[in-house]
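Per-entry structural report
Chain by chain, the residues:
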Amino acid sequence: MMYCEFKPFSTDTETYTQEMFEEVIGDEFEAMMYKEDHEIPAYIWTVNFVIIVKRSTKFVTDISFEKIPRNPVCE
């Protein structure tokens, strides 16, 4: 499901609001996509990046963000 408005999400240790997410990534939010019935988005688009949200579960649910440039400059 695609959302054009930020939908707050939580891990076991953090709750991500739009303001917190933009501060962590350093860019402005544009859209997010959730897969199936997951509580954490799979992808988040910002002005300059596509963010892949990677889940890692050991004893607690945690996530990491992988930033991929959206509009790479080719010369």
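Residues numbered from 1 in each chain as written. Predicted model: local features only at pLDDT ≥ 70, side-chain atom pairs only at ≥ 80, totals over all residues. Heavy atoms only, no water.

This brings us to the environment of phenylalanine 49. Of note, phenylalanine 49 is situated in strand S6 (residues 49-57). With sequence-adjacent residues up to four places away left out, phenylalanine 49 is seen in contact with Asp27, Ile44, Lys67, Ile68, Pro69 and Arg70. (Helix = DSSP H or I, 4+ residues; strand = E, 2+ residues; numbered from the N terminus. Contact = heavy atoms within 4.5 Å.)

So, about the side chain of threonine 11. Position of threonine 11 among the secondary structure elements: in the loop between strand S2 (9-10) and strand S3 (15-16). In this structure the side chain of threonine 11 is engaged in a polar contact, spanning 3.2 Å, whose partner is the backbone nitrogen of threonine 13. Discounting chain neighbours no more than four positions away, the residues touching threonine 11 are Tyr16, Ile40, Thr61, Asp62 and Ile63. (Polar contact = N/O pair within 3.5 Å; in protein donor to acceptor, adjacent residues only side chain to side chain.)

Where two aromatic rings form a pair, the distance of their centres and the angle of their planes describe that pair. The full count for this structure, using the stated rule, is eight aromatic pairs. Ring geometry for phenylalanine 21 versus phenylalanine 65: centroids 5.5 Å apart, planes at 80°, classification edge-to-face. Of the two residues, phenylalanine 21 sits in helix H1 (residues 18-25) while phenylalanine 65 sits in strand S7 (residues 61-69), which places them 44 residues apart along the sequence. Aromatic rings pair up to connect Phe6, Phe9, Tyr16, Phe21, Phe29 and Phe65 into one cluster. Sitting over the ring of tyrosine 34, lysine 7 keeps its end group 4.8 Å from the ring centre. The side chain of lysine 67 reaches across the aromatic face of phenylalanine 49, ending 4.4 Å from its centre. (Phe/Tyr/Trp six-rings, centres within 6.5 Å; stacked < 30°, edge-to-face > 60°. Lys NZ or Arg CZ within 6 Å of the ring centre and 35° of its normal.)

Before going further, it helps to spend a moment on the nonpolar core. Grouped together as the largest cluster of nonpolar side chains are 13 residues, with contacts concentrated most on Phe6, Phe9, Phe21, Met32, Ile44 and Ile63. Elements with a contribution of two residues or more to this core: H1, strand S4 (29-33) and S6. Aside from chain neighbours lying at most four places away, what touches phenylalanine 21 is Phe6, Ile44, Thr46, Ile51 and Phe65. (Core = buried A, V, L, I, M, F, W, Y, C linked by side-chain atoms within 4.5 Å. Buried < 20%, exposed > 50% of the residue type's maximum accessible area, 1.4 Å probe, protein only.)

Turning our attention to the pattern of salt bridges. Applying the stated criterion across every chain, the model contains two salt bridges. Among the ionic pairs, glutamate 30 bridges to arginine 70, the shortest N-O distance being 2.5 Å. Placement of glutamate 30 in strand S4 and of arginine 70 in the segment after S7 is noted, with a sequence separation of 40 residues between them. Under the relative-accessibility criterion, arginine 70 is labelled partly exposed at 32%. The partner of glutamate 66 in a salt bridge is lysine 54, and the shortest N-O contact between them spans 2.7 Å. Of this pair, glutamate 66 sits in strand S7 while lysine 54 sits in strand S6, placing them twelve residues apart in sequence. The partly exposed category is assigned to lysine 54, whose relative accessible area is 39%. (Salt bridge = Lys/Arg side-chain N within 4 Å of Asp/Glu carboxyl O.)

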